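# Notes for the structure review
Now for the letters of each chain:
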Amino acid sequence: IIGSRQKPPSGWELLEGVKMDVRFTGAMEQFWQSSLQSRPDISNAIVRRFIATPRGVHRNFPGGPNARSYDPTIRPWYRQAQAHPDNNAIATPY
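Attention in this report is confined to the structure presented alongside it. Just so it is clear, the structure is predicted and the values come from calculations on it, not from any experiment. Position numbers for residues start from 1 in each chain and track the written sequence from start to end. Local features in this predicted model are restricted to residues of pLDDT 70 or higher, and side-chain atom pairs are both shown and tallied only at a pLDDT of 80 or more, whereas totals for entire chains, interfaces and linings draw on every residue. Note that water and hydrogens are dropped before the side-chain values are worked out from all heavy atoms of the structure.

### What about unusual backbone geometry?
A negative phi holds for most residues other than glycine; trans holds for most peptide bonds. Residue Pro62 follows Phe61 across a cis peptide bond; omega there is -5°. Runs of E in the DSSP output that reach at least two residues are strands. Runs of H or I that reach at least four are helices, and both are numbered from the N terminus. Inspection of the secondary structure assignment puts Pro62 in the loop between β2 (58–61) and α2 (76–83).

### Observations concerning the side chain of Asp21
Along the chain, Asp21 turns up in helix α1 (residues 18–38). Relative accessibility under 20% of the residue-type maximum defines a buried residue, over 50% an exposed one, and the middle range a partly exposed one, all with a 1.4 Å probe and only protein chains included. According to the relative accessible area criterion, Asp21 is buried, its value standing at 6%. Sequence-distant contacts of Asp21, that is, excluding residues within four places in its chain, are made with Thr53, Arg55 and Val57. Throughout, a contact is declared for two residues whenever any of their heavy atoms are within 4.5 Å.

### With respect to the packing of aromatic side chains
When two rings of Phe, Tyr or Trp (its six-membered ring) have centres within 6.5 Å they constitute a pair, described as stacked for plane angles under 30 degrees, edge-to-face for angles over 60, and tilted for the intermediate range. For the structure shown, the criterion picks out three aromatic pairs. On the basis of an interplanar angle of 40° and a centroid distance of 6.3 Å, the ring pair of Trp32 and Phe61 is categorised as tilted. Placement of Trp32 in helix α1 and of Phe61 in strand β2 is noted, with a sequence separation of 29 residues between them. The exposure class assigned to Trp32 is buried, which follows from its relative accessible area of 9%. On the accessibility criterion, Phe61 (9% relative accessible area) is buried. Ring pairs connect the aromatic residues Phe50, Trp77 and Tyr78, which therefore count as one cluster.

### What to know about the pairing of strand β1 (residues 49–52)
Note on pairing: DSSP must find at least two bridges between two strands before they are called paired. Relative to β2, β1 is paired through four bridges, and the arrangement is antiparallel. Following the sheet pairing, Arg49 is matched in β2 by Phe61.

The structure is reproduced here in structure tokens:
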């Protein structure tokens, strides 16, 4: 179904706002990629970048698989971002 124009099977409807979250997080991933290309010196300083939404959309850069049980809402960076929504959250590796 991915990439096709067929209607998804019943029960596969996206929650309200998820499409917007996917577009937003995709734009962030494009920003991260262009930043890395224009500033290769930061690749040694910033190992991974993460973004997640309360609706369950999450991305990491550079990409990689996550376990199905992965829950970004329990991670220190997510909690820090929730507590300070006007700031970037920076977390130590774990």
